[in-house]
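Read off the chains here:
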Amino acid sequence: MTSTFLADKRSGPGADTPPPDTVRARGRARRRALNWLTAMGFQLPALVLFTGLVLLPMLFALYAAFFRWGGFGMPEDYVGVDNFTDLFDNPVFLGDLWRCLVLVVLTLALQLPFALAMAVLLNQRLRGRAVYRMLFFAPYVLSEAITGVLFSMVFAPDDGLADHLLGSIGLDSLGGEWFADQSYVMATLFIVMTWKYFGFHMMLLLAGLQSVPRELTEAALIDGASAWQRFRSVTLPLLAPTIRISVFLAVIGSIQLFDLVWVITQGGPDHHSETMAVTMFQYGFKRYQVGYASAISVVMFGICLVFALAYQRFVLRRDLEGATTTMRGAGK
């Protein structure tokens, strides 16, 4: 009878109830699964768009780069690496690489220092500095197409604003065919680029300047440091992370430059203002050599990727280590 009572007790209500620790573990697992599903639900649209509009076209461009293909139907004429070898035998593409290097050097040597100087100036207590900031940043808001059309009129031969201004001060000989002369076309394009993009870098550097603690510069002033010494020893080191990001964006932008060049010169005269992106467009959409254009796009991507990885490894390493340390500390 005792054994019957014990059997009934084990099979009664609550006999199969798991221990409290098991119940809590199952609850945590369900919450983690629900959180994961919720996160994936929010990320899924972005992942679908990224896969369909970025990842798959990149993979297909890599695939098409090994074919002689006109863009219609599926690639069938496999040529291996011939597109790449022909690319580096093409004087136009080699010239694109040289012009890209020239633009990068000019951007780092002239455009960014000019943007830094204007950021330092507009960080001072000046009357109407908000208006100046707006005026200098306004060109960046304009589209590249509008900027190209505007400067096509400004530098129009004989009737353009640039020639009229030079003529009004007796320097008619300096005017001429700004975008039609092989000797001046890249310099003129760089002037347009600087007008268009320096405001973005100026605002970026200005934001970095405003994050510099004023107490440090005031302490240096009390110690007798001059304005240049305060800038060199206090402001510039603290502004270095922002400068590094600005340099990175400027280099990548110079490598990928397309809109301004296409609207203003379409790569002329005689390819002397052509960039890699313009050459890719010419071969892909004008000559219908899509396989060759895909090879150009792969080379452009490779250049950007190598630069980005090297820059992150050797230049941004300190900034990234600081961010990682901060995040780990916050998670404890």
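See the structure shown above.
Quick summary incoming for the structure in this document. In this text the structure is predicted, and so the values were computed from the model without any measurement.

1. Concerning the packing of aromatic side chains
Using the criterion set out here, one finds 25 aromatic pairs in the structure. The interplanar angle of 55 degrees and the centroid separation of 4.7 Å between the aromatic rings of Tyr283 and Tyr292 together place this pair among those described as tilted. When sorted by exposure, Tyr283 lands in the same class as Tyr292, which is buried. Through successive ring pairs, a cluster of aromatic residues spans Phe60, Tyr63, Phe67, Trp69 and Tyr78. The positively charged end of Arg287 is found above the aromatic ring belonging to Tyr283, 4.4 Å away from the centroid. In this structure, Arg313 is placed above the aromatic ring of Phe314, and the distance from its NZ or CZ to the ring centre is 5.4 Å.

2. As for helix α4 (residues 91-122)
The end-to-end C-alpha distance of α4, which contains 32 residues, comes to 44 Å, matching closely the 46 Å that a straight helix rising 1.5 Å per residue would cover. Its maximal kink placed at Thr107, α4 deviates by approximately 40 degrees. The opening residue of α4, the one whose side-chain oxygen lies 2.9 Å from the backbone nitrogen of Val92, is Asn90.

3. Brief notes about the side chain of Thr194
Structurally, Thr194 can be placed in helix α8 (residues 185-210). Exposure remark for Thr194: the relative accessible area of 15% places this residue in the buried category. Sequence-distant contacts of Thr194, that is, excluding residues within four places in its chain, are made with Gln111 and Phe114.

4. A look at the pattern of salt bridges
With the rule as written, the count across this model stands at three salt bridges. In this structure, the salt-bridge partner of Asp96 is Arg99, at a minimum N-O distance of 2.7 Å. Placement of the pair is Asp96 and Arg99 together in helix α4, with a separation of three residues, close to one helical turn. The exposure class assigned to Arg99 is buried, which follows from its relative accessible area of 12%.

5. Side note on a nonpolar patch on the surface
A cluster of nonpolar side chains, namely Leu49, Phe50, Leu53, Val54, Leu55, Leu56, Met58, Leu59, Phe301, Leu305 and Leu309, defines an oily patch on the protein surface of about 1000 Å² accessible area. Mapped by element, the contributors of at least two residues to the nonpolar patch are α2 (20-64) and α13 (290-314). Among the elements that make up the nonpolar patch, the one with the highest residue count is α2 (eight residues). Mapped onto the elements of the fold, Val54 is located in helix α2.

What counts and how
- Residue numbers run consecutively from 1 along every chain, following the written order of its sequence.
- Local features in a predicted model are, by the rule used here, given only for residues with pLDDT of at least 70; side-chain atom pairs are given and counted only at 80 or more, and totals for whole chains, interfaces and linings are based on all residues.
- Only heavy atoms go into the side-chain values, all of them from the structure, while hydrogens and water stay out.
- Aromatic pairing here means that ring centres of Phe, Tyr or Trp (its six-membered ring) are within 6.5 Å. Orientation follows from the plane angle: under 30 degrees is stacked, over 60 is edge-to-face, and everything else is tilted.
- Each residue's exposure class comes from its accessible area (1.4 Å probe, protein chains only) as a fraction of the maximum for that residue type: buried when under 20%, exposed when over 50%, partly exposed otherwise.
- Any Lys NZ or Arg CZ found within 6 Å of a ring centre and within 35 degrees of that ring's normal is scored as a charge over the ring.
- Put simply, DSSP H or I for four residues or longer makes a helix, DSSP E for two residues or longer makes a strand, and each gets a number counted from the N terminus.
- Given a helix with a known number of residues, its expected span is that number minus one, times 1.5 Å.
- Bend at a given residue is defined as the angle between two axes, one fitted to the seven residues that end at that position and one fitted to the seven that begin there.
- Throughout this description, a polar contact denotes any pair of N or O atoms lying within 3.5 Å of each other; where both atoms belong to protein, one of them has to be capable of donating a hydrogen while the other can accept it, and for residues adjacent in sequence the pair is counted only when both atoms sit in side chains.
- Contacts are residue-level and defined by heavy atoms, with any inter-residue pair within 4.5 Å sufficient.
- One speaks of a salt bridge when a side-chain nitrogen belonging to Lys or Arg is within 4 Å of a carboxyl oxygen belonging to Asp or Glu.
- Residues enter a patch when their relative accessible area is above 30% and they make no salt bridge; the linking distance is 9 Å between like charges and 5 Å between nonpolar side chains (Val, Leu, Ile, Met, Phe, Trp, Tyr).
- Only the protein chains shown count as covering a residue, and every accessible area follows the Shrake-Rupley method with a 1.4 Å probe.

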